[in-house]
Structure formats: C-alpha cells, structure tokens
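# Results of the structural survey
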Amino acid sequence: KQEVTQIPAALSVPEGENLVLNCSFTDSAIYNLQWFRQDPGKGLTSLLLIQSSQREQTSGRLNASLDKSSGRSTLYIAASQPGDSATYLCAVCSGGYQKVTFGIGTKLQVIP
Amino acid sequence: SAVISQKPSRDICQRGTSLTIQCQVDSQVTMMFWYRQQPGQSLTLIATANQGSEATYESGFVIDKFPISRPNLTFSTLTVSNMSPEDSSIYLCSVGVRGNTEAFFGQGTRLTVV
C-alpha cells in the first residue's frame, strides 16, 4: 500500500525567501506525482505534474523534482509571496490508473 | 484536460438526513473518483464510480453509507446517507482522461453536519 509523507507539516517564512517542501513515498512503482495547492475550505489547484520518466518540472516560480528510485520529490518555491500562503499537497498516482494517494500536506504561511 | 462542476459547493445538514453531491464533467472521461477530506486530514479515496455498474469501494467505505451513481460518461453522484457530525468533510470529485495519467479535481463540496 502506497504511503505518502510530507515534511514539514507547517512552515512560516518571510516574504521573498526561497523554500523547499519535501514529499516521500514508499512504493516507487508510480505513474506520476502531482503537487497541488489547497486554500482553506477549498478544492485543489494542480500546480505541477511530473511523469514517472521525468526528473523535474517548472512553472513560473515553482520547480518540482522527482527521484523515483529513492521515493522522493521536492517542491521549490522561489521568491515567496503572501499569496503563496496555502496548504501544498503531494499526490502520487500508483496501484491503479489515475488513482492517487495524498500526503497530509504542508501548510505554508508567507509573512509580508 | 477536463473541467469539473461540482454541486453544491457547500451545505449545512441536520444529522440523520442525506445529501447528494453532483459531479458534471465537460467531456467524456474514463474514470471518475470520489474523495473525502476530513478536517485536518488528507484526502482519502472513497470509491471509483463505474459507468453502468456498481461503484468500487475502498476499504472502510460501504455502499449503504455512500451510494454512488454514474449513469453516463460525464456525470456522477455521491450520496452521504444518514449523516452524523463525523461526516463533516470536504468531498471531491476527480476524473481521469484516456491517454492522460493526470488526475483532475472539482472544487469540492464542503459539508457540515449539525
């Protein structure tokens, strides 16, 4: 059974700082890994999708890496802004087509 | 990609009643899933909605509590039956498109049971 762990559980940083969110998973036989953003009481916004054959993906200030063999992914946020404050979820697709297992998330607060 | 419309976006319900949540997709999709997110927890898969047949439930979830319908390739419903305060959660619909391993999510239904 796939298990996804995210560290840290919460993070508070001053505006402008670069930061790294970590995700680890137990079963390396994955189809892909997605990073999502969730605002309080809201649904999910997809940020980045990394296919199992890829090592990284970039979108604007966001960069996600994937090391499938070690079961790890990182989400790098450059020059953080208060609008980045949200919970970031790591989700791994494995064990069934398009079924995903989620981590509990990292709650990020960017202080102006 | 797929655009997902989920209704209602939120509701407050009395215990013992039932609520049906609708998920409408703008294109035909192969897979439809329902997830639950309890307060302070991550998302947990409830079931896979199968078109024209009974849904496939994950461990810990049963049809009597969470009946699901999927009459066609673009629509599904999840009913939360005989609700208790423990059912207060965000419920999310997710879809998969053939040839694309990405999962797409609706904006969720925030349910509060009082």
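The following paragraphs examine the structure supplied in this document. These numbers come from a predicted model, not from an experiment. (Residues numbered from 1 in each chain as written. Chains lettered and ligands numbered in written order. Predicted model: local features only at pLDDT ≥ 70, side-chain atom pairs only at ≥ 80, totals over all residues. Heavy atoms only, no water.)

## As for the overall build of chain B
So the rule is basically this: Helix and strand labels come from DSSP, where a helix needs a run of H or I of at least four residues and a strand needs a run of E of at least two; each type is numbered from the N terminus. Just to be clear, the radius of gyration here is over C-alpha atoms, and the globule rule we use is 2.2 Å times residues to the power 0.38. Each residue gets one of three labels from its accessible area relative to the maximum for its type: buried under 20%, exposed over 50%, partly exposed in between, using a 1.4 Å probe on protein chains only. To be clear on the numbers: accessible area is Shrake-Rupley with a 1.4 Å probe, and residue cover counts the displayed protein chains and nothing else. We score Asp and Glu as negative and Lys and Arg as positive, and we do not count His or the chain ends. Where a charge lies is defined by one atom per residue type, namely NZ (Lys), CZ (Arg), CG (Asp) and CD (Glu).
From N to C terminus, chain B includes zero helices and eleven strands. For chain B, the α and β elements follow one another from N to C terminus as β-β-β-β-β-β-β-β-β-β-β. Over its C-alpha atoms chain B spans a radius of gyration of 13 Å, differing by no more than 12% from the 13 Å that the globule rule assigns to 114 residues. Taken along its principal axes, the extent of the C-alpha atoms in chain B is 40 × 25 × 20 Å. Taking all 114 residues of chain B together, the buried fraction comes to 51%. Summed over all atoms, the accessible surface of chain B reaches about 5300 Å², with 47% contributed by carbon and sulfur. Here chain B holds 8 positive side-chain charges and 8 negative ones, and the gap between their average locations is 5 Å.

## Concerning the nonpolar core
The tendency in soluble globular proteins is for nonpolar side chains to be buried as a group. Our working rule: As used in this record, nonpolar core signifies buried Ala, Val, Leu, Ile, Met, Phe, Trp, Tyr and Cys residues forming a set joined through side-chain atoms within 4.5 Å.
Judged by nonpolar contacts, the single largest core of 28 residues is most densely connected at Trp-34 and Val-95 of chain B. Of all the secondary structure elements, the ones that give two or more residues to this core are strand E3 (19–25), strand E4 (31–37), strand E5 (43–49), strand E8 (75–80), strand E9 (89–97) and strand E11 (109–113) of chain B. Of all hydrophobic cores here, the second largest spans 22 residues; its members include Val-4, Ile-30, Leu-66 and Ala-86 of chain A.

## Here's the deal with the interface of chain A and chain B
Selection criterion: Contacts between residues were defined by any pair of non-hydrogen atoms, one from each residue, lying within 4.5 Å. Simply put, the buried area is the total loss of 1.4 Å probe accessible area from both parts when two parts are fitted together. Should a side-chain nitrogen of Lys or Arg be within 4 Å of a carboxyl oxygen of Asp or Glu, the pair is scored as a salt bridge. Counted as a polar contact is a pair of N or O atoms within 3.5 Å, where, for protein atoms, one must be capable of donating a hydrogen and the other of accepting one, and residues adjacent in sequence contribute only when both atoms are in side chains.
On the chain B side, the residues contacting the 20 residues of chain A number 26 residues. For the pair chain A and chain B, the summed buried area comes to about 1800 Å², and 52% of that belongs to carbon and sulfur atoms. At the boundary of chain A with chain B, the tally comes to zero salt bridges. Summed over the shared surface of chain A and chain B, the number is five residue pairs in polar contact (both at pLDDT 80 or more).

## Comments concerning the pattern of salt bridges
All names here are of chain A. Tallied over the full model, the rule gives three salt bridges over all chains. Salt-bridge contacts for Arg-37 lead to Asp-39; the nearest nitrogen and oxygen are separated by 3.1 Å. Looking at Arg-37, the relative accessible area reads 17%, which means it is buried. Assessed through its relative accessible area of 27%, Asp-39 is described here as partly exposed. With its nearest N and O atoms 2.9 Å apart, the salt bridge here joins Asp-84 to Arg-61. In this pair, Asp-84 is assigned in the loop between strand E8 (72–77) and strand E9 (86–93) and Arg-61 in the loop between strand E6 (56–59) and strand E7 (62–67), connecting sequence segments 23 residues apart. In this structure Asp-84 comes out as buried when scored by relative accessible area, which is 7%.

## Here we look at unusual backbone geometry
Ile-7 of chain A connects to Pro-8 of chain A through a cis peptide bond whose omega is -5°. For Pro-8 of chain A, the location among the structural elements is in the loop between strand E1 (4–7) and strand E2 (10–14). The omega torsion across Lys-7 of chain B and Pro-8 of chain B is -5°, close enough to zero to call that bond cis. As for its position among the elements, Pro-8 of chain B is in the loop between strand E1 (4–7) and strand E2 (10–13). If you check the backbone angles, Ala-79 of chain A has positive phi at about 45° while not being a glycine. Looking at where Ala-79 of chain A falls in the secondary structure, it is placed in the loop between E8 and E9. Overall, the relative accessible area of 38% leaves Ala-79 of chain A in the partly exposed class.

## What to know about the pairing of strand E4 (residues 32–38) of chain A
All names here are of chain A. Definition in use: Any two strands are treated as partners once DSSP identifies two or more bridges connecting them.
Along E4, seven of the seven residues are buried, which leaves the element largely enclosed by surrounding structure. A two-sided burial pattern is seen for E4, the buried positions comprising Asn-32, Gln-34, Phe-36 and Gln-38 on one face and Leu-33, Trp-35 and Arg-37 on the other. In this structure, the hairpin formed by E4 and strand E5 (residues 44–51) is closed by a connection of five residues, where Gly-41 is found at a positive phi of approximately 70°. Across seven bridges, the pairing between E4 and E9 is antiparallel. Across the sheet, the residue bridging to Asn-32 is Cys-93, located in E9.

Just geometry here; none of it tells us what the structure is for.
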